[in-house]
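Examination of the molecular architecture
So you can see what is in the structure, the chains are spelled out below.
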Amino acid sequence: MNLNRRQLLRTALSLPMLAVLPLRARAEMLDIAAAINKAGRQRMLSQRIAKVYAQLVLGVYPERARPILDKSVTLFDSQMVELKAFAPTLAIRAQYDQLGVLWTPYRNATKGMPSLAGLKQIAELNEGVLKTAHAATVALEKHAGTVTAHLVNISGRERMLSQRSAKFYLFRAAGLDNATIDQGLATARHEFETNLAELKAAPQDTPEIKSQLLLADSQWAFFAHALNQYSPGAPNPVYLQYVAASSEYVLEVMDTTTGLYQSLH
């Protein structure tokens, strides 16, 4: 994709009208597919919280980032209650108990005035929450033992990877630049593309799912281009805005797609 800076600027300035949407999640009686979807959403929220906290530190769409941060924390809390109540085995329940232990200090770190010191704390705490939330999601998938459960998990993980990619980009722009962040960004991007190829090849895909995956492919191409626009030194505010907003577009598309896979179960 060959976008010049003027095209990027024009596109970025149009994104706030549509992007950075609050994620929709309805209360429902959980079955195993719905539980995997919500468990996977916890992974995403761990990264979305870190991403929007970095936005606040950098001053990127602050009027939108603060409500997203607050709503993401509230959603994580409510889904924890649902998932702990649903846990089909003692082992899975224990994983959610452990997630609760890790979540509490992370939740507390999001409070107050955003700062670089706070961002460093967020950077230290988010990985443990993500790792444990992922382990619980995989355990639920294995408990289900079906192909559709796997598709719900993989599709849901794409949501997380969209936020994780943007998180690493914004961490780097805020001055947390190191080899771990660079490698994390590269790995997240590679995994997103690998997972998307797997989903597009799934024989279970309906015409509606195929349409959503094509949309995800196009949105990811724009997002990936934005992620490539980085140079050391003072960050370009246009690229910061474009990365933040584009990640929300990809998230929205993949959240819808995950719901469609859930309905197949």
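Residues numbered from 1 in each chain as written. Predicted model: local features only at pLDDT ≥ 70, side-chain atom pairs only at ≥ 80, totals over all residues. Heavy atoms only, no water.

Before going further, it helps to examine the overall build of the chain. Across its full length, the chain holds 9 helices and 0 strands. In sequence order, the secondary structure elements of the chain are arranged as α-α-α-α-α-α-α-α-α. Taken across its 265 residues, the chain has 53% of its residues classed as buried. Summarising the internal contacts of the chain: among those between residues at least 6 apart in sequence, 82% fall at separations of at least 24. Approximately 11,400 Å² of the chain is accessible, and the part contributed by carbon and sulfur atoms is 58%. (Helix = DSSP H or I, 4+ residues; strand = E, 2+ residues; numbered from the N terminus. Buried < 20%, exposed > 50% of the residue type's maximum accessible area, 1.4 Å probe, protein only. Contact = heavy atoms within 4.5 Å. Areas by Shrake-Rupley, 256 points an atom, 1.4 Å probe, with all protein chains shown as cover.)

Turning to the packing of aromatic side chains, a few remarks are in order. Within this structure, the stated rule accounts for 5 aromatic pairs. Taken together, a centroid distance of 3.9 Å and an interplanar angle of 20° make the contact between Phe76 and Trp103 stacked. Placement of Phe76 in helix α3 (residues 62–86) and of Trp103 in helix α4 (residues 90–109) is noted, with a sequence separation of 27 residues between them. Comparing Phe76 with Trp103, the two get one shared label, buried. Pairing Trp103 with Tyr106 gives two aromatic rings, centres 5.9 Å apart and planes at 80°, and the pair type is edge-to-face. One end of the pair, Trp103, and the other, Tyr106, are both in helix α4, 3 residues apart, so they sit about a helical turn from each other. In this pair, the class of Trp103 matches that of Tyr106, namely buried. Grouping aromatic residues by their ring pairs yields a cluster made of Phe76, Trp103 and Tyr106. Residue placement shows Lys167 over the ring face of Phe168; its charged tip is 4.2 Å from the ring centre. Taking NZ or CZ as reference, Arg172 lies 3.8 Å from the ring centre of Tyr230, over its face. (Phe/Tyr/Trp six-rings, centres within 6.5 Å; stacked < 30°, edge-to-face > 60°. Lys NZ or Arg CZ within 6 Å of the ring centre and 35° of its normal.)

This next bit is on the packing of α4 against helix α5 (residues 116–144). Close contact between α4 and α5 brings their axes to 9 Å; oriented N to C, the two are set at 160°. With respect to each other, α4 and α5 are oriented roughly antiparallel. Crossing angle aside, the handedness with which α4 passes α5 is left-handed. In terms of residue class, the contact of α4 with α5 is made up of 16 nonpolar, 7 polar and no charged. (Axes fitted to C-alpha atoms, helices over the stretch in contact; angles between N-to-C directions. Parallel < 35°, antiparallel > 145°, perpendicular 65-115°, else oblique. Left-handed = near helix turned anticlockwise from the far one by under 90°. Nonpolar A, V, L, I, M, F, W, Y, C, P; charged D, E, K, R; others polar.)

Attention shifts here to unusual backbone geometry. Of note, the phi angle at Tyr61 is positive, near 45°, even though the residue is not glycine. Note on Tyr61: relative accessible area 8%, which makes it buried.

Before going further, it helps to examine the side chain of Arg157. With respect to the secondary-structure elements, Arg157 resides in helix α6 (residues 147–173). In terms of polar contacts, Arg157 uses its side chain to reach the side chain of Glu191, at 2.3 Å. Here Arg157 is in contact with Arg43, His134, Glu191 and Asn195, once residues within four sequence places are set aside. (Polar contact = N/O pair within 3.5 Å; in protein donor to acceptor, adjacent residues only side chain to side chain.)

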